[in-house]
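Residue-level structural notes
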Amino acid sequence: QVHVVESGGGLVQPGGSLRLSCAASEKFFSINAMGWYRQAPGKQRDLVADIRRDERTRYADSVKGRFTISRDNAKNTVYLQLNSLKPEDTAVYYCYADAIAPDSTMYTYWGQGTQVTVSP
């Protein structure tokens with residue numbers, strides 16, 4: 001079992017910044033990719049950014065140049081730095097972790113979500 005816990009959401013004005021953190025606690029599993037999705041009211045959950053263990057990254061076009069994802073493999077923790085925030089970035093941000101069990105089965109675990117609200 002892997003537990004994924006996010007932190008760092010909140011209310012910020014347009015143009016402001018936030019830093020989200022996500023830690024995956026595991027026993028006997030190997031954590032591979034970690035990343036962030038977001039879901040605004042009435043919309044589907046979409047990828048924001050993710051990062052593999054070798055630190056290769058992917059970003060949604062809408063956040064390129066504004067958001068930066070990074071990770072600390074020793075701590076199984078991923079960070080998302082959100083800069084130049086816009087009202088359309090308002091959403092619940094969900095962290096996920098791809099974990100590999102000792103028998104090589106891959107599982108995806110999700111956090112409970114953290115609210116990011118961008119408003120004057």
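The structure under discussion appears in the preceding block.
Everything in this summary refers to the structure shown in the same document.

Conventions and cut-offs
- Residues numbered from 1 in each chain as written.
- Predicted model: local features only at pLDDT ≥ 70, side-chain atom pairs only at ≥ 80, totals over all residues.
- Heavy atoms only, no water.
- Helix = DSSP H or I, 4+ residues; strand = E, 2+ residues; numbered from the N terminus.
- Rg over C-alpha atoms; globule rule 2.2 N^0.38 Å.
- Buried < 20%, exposed > 50% of the residue type's maximum accessible area, 1.4 Å probe, protein only.
- Contact = heavy atoms within 4.5 Å.
- Areas by Shrake-Rupley, 256 points an atom, 1.4 Å probe, with all protein chains shown as cover.
- Lys, Arg positive; Asp, Glu negative; His and termini not counted.
- Charge placed at Lys NZ, Arg CZ, Asp CG, Glu CD.
- Disulfide = S-S within 2.5 Å.
- Pairing = 2+ DSSP bridges.
- Axes fitted to C-alpha atoms, helices over the stretch in contact; angles between N-to-C directions.
- Polar contact = N/O pair within 3.5 Å; in protein donor to acceptor, adjacent residues only side chain to side chain.
- 1 Å grid on protein atoms, 1.4 Å probe; cavity = no way out; pocket = protein on both sides within 12 Å on 5 of 7 lines; lining within 4 Å.
- Points joined across faces, edges and corners; volume = space filled by probe spheres on them.
- Nonpolar A, V, L, I, M, F, W, Y, C, P; charged D, E, K, R; others polar.

1. Remarks on the overall build of the chain
Each helix and strand in the chain was counted, giving zero helices and 11 strands. Along its sequence from the N terminus, the chain presents helices and strands in the succession β-β-β-β-β-β-β-β-β-β-β. Relative to the compact-globule value of 14 Å for 120 residues, the chain shows a C-alpha radius of gyration of 14 Å, a close match. Projected onto its principal axes, the C-alpha coordinates of the chain cover approximately 50 × 25 × 20 Å. Here the chain holds 120 residues, and 42% of them are scored as buried. Put simply, 55% of the contacts in the chain that link residues at least 6 apart link residues at least 24 apart. When the accessible area of the chain is evaluated, it comes to approximately 6400 Å², of which 48% is carbon and sulfur surface. Considering the chain, the positive charge centre built from 14 side chains and the negative charge centre built from 12 side chains are found 2 Å apart.

2. Quick word on the state of the cysteines
Under the defined criterion, the tally for this structure stands at one disulfide. Two residues, Cys-22 and Cys-95, share a disulfide whose sulfurs are 1.9 Å apart. Here the S-S torsion is close to -80 degrees, and the disulfide linking Cys-22 with Cys-95 is therefore left-handed. Of this pair, Cys-22 sits in strand 3 (residues 18-26) while Cys-95 sits in strand 9 (residues 91-100), placing them 73 residues apart in sequence. Taken individually, Cys-22 and Cys-95 each receive the classification buried, so the pair is uniform in this respect.

3. As for the sheet that holds strand 1 (residues 2-7)
The strands making up a sheet associate through hydrogen bonds between their backbones, and the pairing can be parallel or antiparallel. Taking strand neighbours across the sheet as the criterion, the four strands line up as 1-3-8-7 in an open arrangement whose pairing is antiparallel. The open sheet is flanked by strand 1 and strand 7 (67-72), the only strands paired with a single partner. Neighbour-to-neighbour, the strand axes of the sheet open up by a mean angle of 15 degrees, direction not taken into account. For strand 1 and strand 3, the ladder comprises six bridges, and the chain directions are antiparallel. Residue pairing for strand 3: Val-4 is matched across the bridge by Ala-24.

4. Thoughts on the side chain of Glu-6
Among the structural elements, Glu-6 can be located in strand 1. A distance of 2.8 Å separates a polar atom in the side chain of Glu-6 from the backbone nitrogen of Cys-95. Within the structure, the side chain of Glu-6 is placed 2.9 Å from the backbone nitrogen of Gly-113, a separation counted as a polar contact.

5. Here we look at the layout of surface pockets
By volume, the largest pocket amounts to about 170 Å³. Around the largest pocket, the lining comprises 14 residues; the ones closest to its centre are Arg-38, Ala-40, Lys-43, Asp-46 and Glu-88. Looking at the lining of the largest pocket element by element, the count peaks at three residues for strand 5 (residues 46-51). Classifying every residue of the lining of the largest pocket gives six nonpolar, four polar and four charged.

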